[in-house]
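The lines below spell out each chain.
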Amino acid sequence: MSKIKHQINQRFIDSNHRNGRETPYITGSDRNQTVMFPPLVDDYVSNDNPVRFIEEYVKLLDLTELGFTHSVPKLTGRPSYSPSDLLKLYIYGYLKKTRSSRQLAQLTHLNVEVFWLLKKLHPDFRTISDFRKDNVSGLKKVCQEFTIKCKKFNLFGGELVAIDGSKFNAVNHNSKVISAKNITKLIKEIDENIEDYFQNLERQDLTEESIEETTAEDLKAAISKLKKDRENLSRLQTTLKESGETQIAQTDPDCKKMRTGHQGIDMCYNVQIAVDSKHKLIVAHDVTNDTNDLNQLVPLAEQAKEMLEVETLNVTADKGYFNEEQIAECESNNIKCYIPTPDNSKNKSKGLFTYKDFTYDKKNDLYDCPGKEKLTRTIEVTKHDKPTVIYKTKACKTCNLKSKCTTSKEGRRIYRNIHKGLIEPMQERMKENPSIGNQRKSIVEHPFGTLKHTMGHGHFLMRGKENVAAEMSMSVLTYNMKRIMNLFGIPTLLAIINYL
Ligand code: SF4
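Residues numbered from 1 in each chain as written. Predicted model: local features only at pLDDT ≥ 70, side-chain atom pairs only at ≥ 80, totals over all residues.

Counting 82 residues, the largest nonpolar core has Ile163, Ala274, Val275, Val283 and Val315 as the members making the most contacts within it. A domain-level breakdown of this core finds at least three residues from each of domain 1 (41–148) and domain 2 (177–249). Other than its neighbours up to four places away in sequence, Ala274 contacts Val161, Ile163, Val283, Ala284, Leu300, Ala301, Gln303 and Ala304. (Core = buried A, V, L, I, M, F, W, Y, C linked by C-beta atoms within 7 Å. Buried ≥ 20, exposed ≤ 12 C-beta atoms within 10 Å, placed from the backbone. Domains from an automatic or database assignment. Contact = placed C-beta atoms within 7 Å.)

Take the site of the ligand next. Taken together, 14 residues surround the ligand, and among them Cys369, Gly371, Cys396, Cys399 and Cys405 come closest. Here the shell around the ligand is built from residues that sort into 7 nonpolar, 4 polar and 3 charged. (Near = placed C-beta within 6 Å. Nonpolar A, V, L, I, M, F, W, Y, C, P; charged D, E, K, R; others polar.)

Our focus in this paragraph is the packing of helix H2 (residues 50–60) against helix H3 (residues 83–95). Across the interface, H2 lies against H3 with an axial gap of 10 Å and an inter-helix angle of 140 degrees. Here H2 lies oblique to H3, going by the angle between them. Every pair of crossing elements has a handedness; the one defined by H2 and H3 is right-handed. On H3, the residues touching Pro50, Val51, Ile54, Glu55 and Val58 of H2 are Ser84, Leu87, Lys88, Ile91, Tyr92 and Leu95. (Axes fitted to C-alpha atoms, helices over the stretch in contact; angles between N-to-C directions. Helix = DSSP H or I, 4+ residues; strand = E, 2+ residues; numbered from the N terminus. Parallel < 35°, antiparallel > 145°, perpendicular 65-115°, else oblique. Left-handed = near helix turned anticlockwise from the far one by under 90°.)

As a further point, take the sheet that holds strand S12 (residues 386–392). Across the sheet, which stays open at both edges, the 5 strands sit in the order S9-S10-S11-S12-S13 with antiparallel pairing between neighbours. Two strands close off the open sheet at either side, each with one partner strand: strand S9 (359–361) and strand S13 (413–417). The average undirected angle you get between the axes of adjacent strands in this sheet is 40 degrees. Taken together, the 3 bridges between S9 and strand S10 (residues 366–368) define a ladder with antiparallel strand orientation. Paired with Thr359 across the bridge in S10 is Asp368. (Pairing = 2+ DSSP bridges.)

Turning our eyes to something else, we now look at the pairing of strand S11 (residues 374–383). Across the 10 residues of S11, 1 count as buried, placing the element largely on the outside. Across 3 bridges, S10 lies against S11 in antiparallel orientation. Bridging from a neighbouring strand, Leu366 pairs with Thr376 of S11. Connecting S10 to the antiparallel partner S11 that follows it, the hairpin turn spans 5 residues, and Lys372 within it adopts a positive phi of roughly 60 degrees. As paired elements, S11 and S12 share 6 bridges and run antiparallel to each other. Residue pairing across strands places Thr376 opposite Lys392, the latter belonging to S12. Connecting the antiparallel pair S11 and S12 is a turn made up of 2 residues, with His384 showing a positive phi of about 50 degrees.

Once that is clear, we can look at helix H11 (residues 324–332). Among the residues of H11, those classed as buried are Gln326, Ile327, Ala328 and Cys330. Asn334 lies just past H11 and shows a positive phi near 60 degrees.

Tracing the sequence through the fold places Lys362 in the loop between S9 and S10. A residue is classified by how many C-beta atoms lie within 10 Å of it, and Lys362, with 9 of them, is exposed. Along the sequence, Lys362 and Gly421 sit 59 residues apart, while their C-alpha atoms lie 8.5 Å from each other.

Take H3 next. The first and last C-alpha atoms of H3 sit 18 Å apart over 13 residues, in line with the 18 Å expected at 1.5 Å per residue. Those residues of H3 that sit buried are Pro83, Leu86, Leu87, Lys88, Leu89, Tyr90, Ile91, Tyr92, Gly93, Tyr94 and Leu95. Looking at the packing, one finds that the buried side of H3 touches H2, helix H4 (101–110), helix H5 (112–118), helix H6 (125–134), helix H7 (136–152) and helix H16 (465–488). (Expected span 1.5 Å × (residues − 1).)

Next up on the list: the packing of H3 against H6. Here H3 crosses H6 at 95 degrees, and the two axes come no closer than 10 Å. In terms of their interaxial angle, H3 and H6 are classed as roughly perpendicular. From H3, Pro83, Leu86, Leu89 and Tyr90 reach across to H6, where they touch Ile128, Phe131 and Arg132.

Once that is clear, we can look at the pairing of strand S8 (residues 335–338). With 4 bridges joining them, strand S7 (residues 313–316) and S8 adopt parallel strand pairing. The residue bridging Val315 from the neighbouring strand is Cys337, located in S8.

Dropping the structure here:
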């Protein structure tokens, strides 16, 4: 069978040869062929290519006002690259999963879209990398400017915002973390080694002989290296003391060990975003090194409200954001929260009455219990660093339901956070509008999925919180750009820009 197939193929190839074709495949044009009208670089870039939008958008920006270095050209000396060209290169790279300066430098030689965008300029990787390092605040402002433009064109609904956080890997391997105890131990070892080397040096000076083929120069070099290591360790020790932490990352001291879902524990930053529900565009973001989301609601919700310039705003988040103080602060600022209450009590698993079995009587400030008794307000204590009031009753001692209610000899106690009164309207509101809380996942989880998996921005390339925040601004800028390019198409966006 295969022999017959081979014969048929051979006959087909022979007939192509007879007809003047070289191969039976689609072939490209001859590399040495000259053309009368060579194609322009512009011919290679279609009208709906994203680079046309990047070009026009960067033209709109006043890079001097945004604080970019070299935005005002020098009249003497070697001319530098224009910040607008380097910014265009970065935006293109972040859109196309290419963020490292070396890879971006390579693109300037290989990629026809980059030829077009940079007019065949080839900045070296150091110039590209220095641009990002030197323009940390400028890059953040470019992202902010884009959000303002989106607002101007009514791309935000300004009614509902979903907040969520995700862990992005830092430039720090898990093994490169050192504890305060280890630092003290290493400093002690270094001190002992330096002392040994000095004694060897003294001996060599007295005897004027090298010991075990080690010269005085070798010893001095070793001492100087140890001193440098000691200085670094002392610096880490001071940083640790100031921060009150017990361990520090050596490569990027700002990142922290964080839980990363199913992947376990990694050195990360906690990236927070607030996403508007209308077109799922990111309206506010932040990079923190807090290991959880408990204190992130107010900063993000207020940043979003300010950007959207609205009087009231609905905000939804998962139960990781449930913090009475934060919710109370939002509510007092006309930010209506929709955050589920976590049930951390173990009473349910023990078969005991839970908090839900007790009814709060707001008028009389007491709780009605399942045994038809009243738990009244007693003292105020601090529980989990929060001001809390204890409610109890003496009736527990003789209650028939005590075995179903508590294991404590003293009887059942209800702990009520002093801000609970402000939380209860939120809980009522959530019952009345379950659809708002249910929208959270569909609004906010899409951007993180796109950023991490489609755009490949799940890990940072720079060190330090400030630099990492600038990187995140680039990620948010390009996510929002990608989103509106997909929603409206490049020709429409170009028409809008030309209208400006
Ligand atoms: S144990 Fe106390 S709180 Fe519980 S049902 Fe009885 S009286 Fe009420």
